[in-house]
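Chain and residue survey
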Amino acid sequence: MSVARCPGSCGELIQGWILGSEKLVSCPIDWYSTVEVCDGIPRADERPLTRAMVEALLAHFGYPQALSPALRVEVDSTLPIAKGMASSTADIAATAVAAAHHLGHSLDETTLAALCVALEPTDSTLFRQLTLFDHHHAGTQIACAPAPHFDLLVLESPVLLRTADYHRLPREAALKAHAGELQQAWEKVQNACIQQDASLLGEAATLSAIASQALLPKPGFAALMTLVESCDLYGLNVAHSGSVVGLMLDPRRHDVEYLKWALTQKKLTDHWPKQHLLRAVPGGVQLSA
């Protein structure tokens, strides 16, 4: 038996046309999918992508596919599905690492990324560092210095949007139209990590969130921006292919209860009835001891 966990994400810090194609930098948070792989009969209600990952992993290491029905996958996750919180990436990345370990192997991040993108567009939460990632082909993986510390008031919407549906939208023209802003945002992300400056990281995320309005607009966006500015928060980040929004802050500096009150007063809770105060964390899949 082997157990691994991978964090979910509060959308992306940035996503758009960067260095010649669409790329992203996810925003890992302390909300995890934990996966156990052991010998046994597969669950009748298992998640299809986790089984697909088991089969891809067996092929990668040269095992017969006949071994698949002898491996059981147990997923323990409360991450909201289809809201831009990287629940699927967390499931399949943790499954891959747990299954590999159970079979006596290890996976480096580059190999893990290739296995994941072969199944679906993948978030960069599987990397320990904040990483600019080509989430379709895994051809670009540019790691940043360690990220500055910050928390997020994660605003959860009831609206569901499957990543695959988003990626079927005609996006290239709108993405290229904002390439200049995204290049600036990417430079700010790198500098924010080098300088350990959460405010600069918030500026980067806000630039990308504004550009994202042209593709997948968030309701009440102007009111959210006003709240960010009036409370001097670090910034605002969004799920570029989902419905979640994050207010980037430091709970020692910023009054979280006031923020929740203001969200209600501005009727923004009509769009985001659930809020979660969560820490931004390093990414990467962790094996349990």
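Every chain is numbered on its own, with residues counted from 1 as its sequence reads. For a predicted model such as this one, the threshold for reporting local features is a pLDDT of at least 70, and the threshold for listing and counting side-chain atom pairs is 80 or more; totals across whole chains, interfaces and linings nevertheless cover every residue. The basis for the side-chain values is all heavy atoms of the structure; hydrogens and waters are excluded.

A closer look at unusual backbone geometry
Under the convention used in this document: Each helix is a run of DSSP H or I of at least 4 residues and each strand a run of E of at least 2, with the numbering of both proceeding from the N terminus.
Residue leucine 19 is not a glycine yet carries a positive backbone phi of 55 degrees. Mapping leucine 19 onto the fold places it in the loop between β1 (2-18) and β2 (21-39). Despite not being glycine, alanine 82 shows a phi value in the positive range, around 65 degrees.

Details of the environment of leucine 249
Note the cut-off: The contact definition used throughout considers only heavy atoms, calling two residues in contact when any of these lie within 4.5 Å.
Within the secondary structure, leucine 249 sits in strand β8 (residues 245-249). Linking leucine 249 and arginine 279, residues 30 residues apart in sequence, is a C-alpha distance of 9.6 Å. With near-sequence residues (within four places) excluded, leucine 249 lies in contact with Phe150, Asp151, Leu153, Leu233, Tyr234, His254, Val256, Leu259 and Leu277.

Brief notes about the packing of helix α1 (residues 48-61) against helix α2 (residues 87-102)
Using the following cut-off: The angle between two axes is taken between their N-to-C directions and runs from 0 to 180 degrees, where each axis is a line fitted to C-alpha atoms and a helix contributes only its stretch in contact. Any angle from 65 to 115 degrees is called roughly perpendicular, while one under 35 is roughly parallel, one over 145 is roughly antiparallel, and all others are oblique. Two helices crossing with the near one rotated counterclockwise from the far one by less than a right angle form a left-handed crossing, whereas a clockwise rotation gives a right-handed crossing. Charged means Asp, Glu, Lys or Arg here, nonpolar means Ala, Val, Leu, Ile, Met, Phe, Trp, Tyr, Cys or Pro, and polar covers whatever is left, Gly included.
Packing of α1 against α2 brings their axes to within 9 Å, and their N-to-C directions diverge by 40 degrees. Between α1 and α2, the interaxial angle falls into the category oblique. The two elements α1 and α2 meet at a crossing, and its hand is right-handed. Of the residues in α2, those in contact with Leu49, Thr50, Met53, Val54, Leu57 and Phe61 of α1 are Ser88, Asp91, Ile92, Thr95, Ala96, Ala99 and Ala100. The residue inventory of the contact of α1 with α2, partitioned by class, reads nine nonpolar, three polar and one charged.

So, the pattern of salt bridges
Formally: Definition used for salt bridges: Asp or Glu carboxyl oxygen within 4 Å of a side-chain nitrogen of Lys or Arg. For the exposure calls, accessible area comes from a 1.4 Å probe over protein chains only, and a residue counts as buried if that area is under 20% of its type's maximum, exposed if over 50%, partly exposed in between.
Throughout the structure, instances matching the rule amount to 14 salt bridges. Residues aspartate 30 and arginine 279 are paired through a salt bridge, measuring 3.6 Å at the closest nitrogen-oxygen approach. Note that aspartate 30 is positioned in strand β2 and arginine 279 in strand β9 (residues 274-279), a separation of 249 residues in sequence. The class for aspartate 30 is partly exposed, based on a relative accessible area of 26%. Exposure remark for arginine 279: the relative accessible area of 46% places this residue in the partly exposed category. Sharing partners across several salt bridges, the network here consists of Arg43, Asp45, Arg72 and Glu74.

Notes on the nonpolar core
Rules: Put simply, a nonpolar core is a bunch of buried Ala, Val, Leu, Ile, Met, Phe, Trp, Tyr and Cys residues held in one set by side-chain atoms that sit within 4.5 Å of each other.
Leu13, Ile14, Leu112, Phe150, Leu152, Trp186 and Met248 are the most contacted members of the largest nonpolar core, which totals 65 residues. Considering each element in turn, this core owes the most residues, nine residues, to α2. Excluding its chain neighbours within four sequence positions, the residues that come into contact with phenylalanine 150 are Leu13, Cys27, Ala198, Leu201, Tyr234, Met248, Leu249, Arg279 and Ala280. Leu224, Leu233, Leu247 and Leu259 belong to the second largest nonpolar core, which has 21 residues in total.

Considering helix α6 (residues 179-195)
Worth spelling out the cut-off: By this rule the span expected of a helix is its residue count minus one, scaled by 1.5 Å. Throughout, the arc means the angular range of directions from the helix axis out to the C-beta atoms.
Its 17 residues place the ends of α6 24 Å apart at the C-alpha level, agreeing with the 24 Å of an ideal helix rising 1.5 Å per residue. Of the residues making up α6, those classed as buried are Leu182, Ala185, Trp186, Lys188, Val189, Ala192 and Cys193. The arc enclosing the buried residues of α6, seen along the axis, measures out at 160 degrees, which places them on a common side. For α6, the exposed residues set more than 90 degrees away from the buried face come down to Gly180, Ile194 and Gln195. Structurally, α6 contributes buried residues whose contacts are with β1, β2, β4 (131-133), β5 (141-143) and α7 (198-212). Once α6 finishes, glutamine 196 follows within two positions and takes phi at roughly 55 degrees, a positive value.

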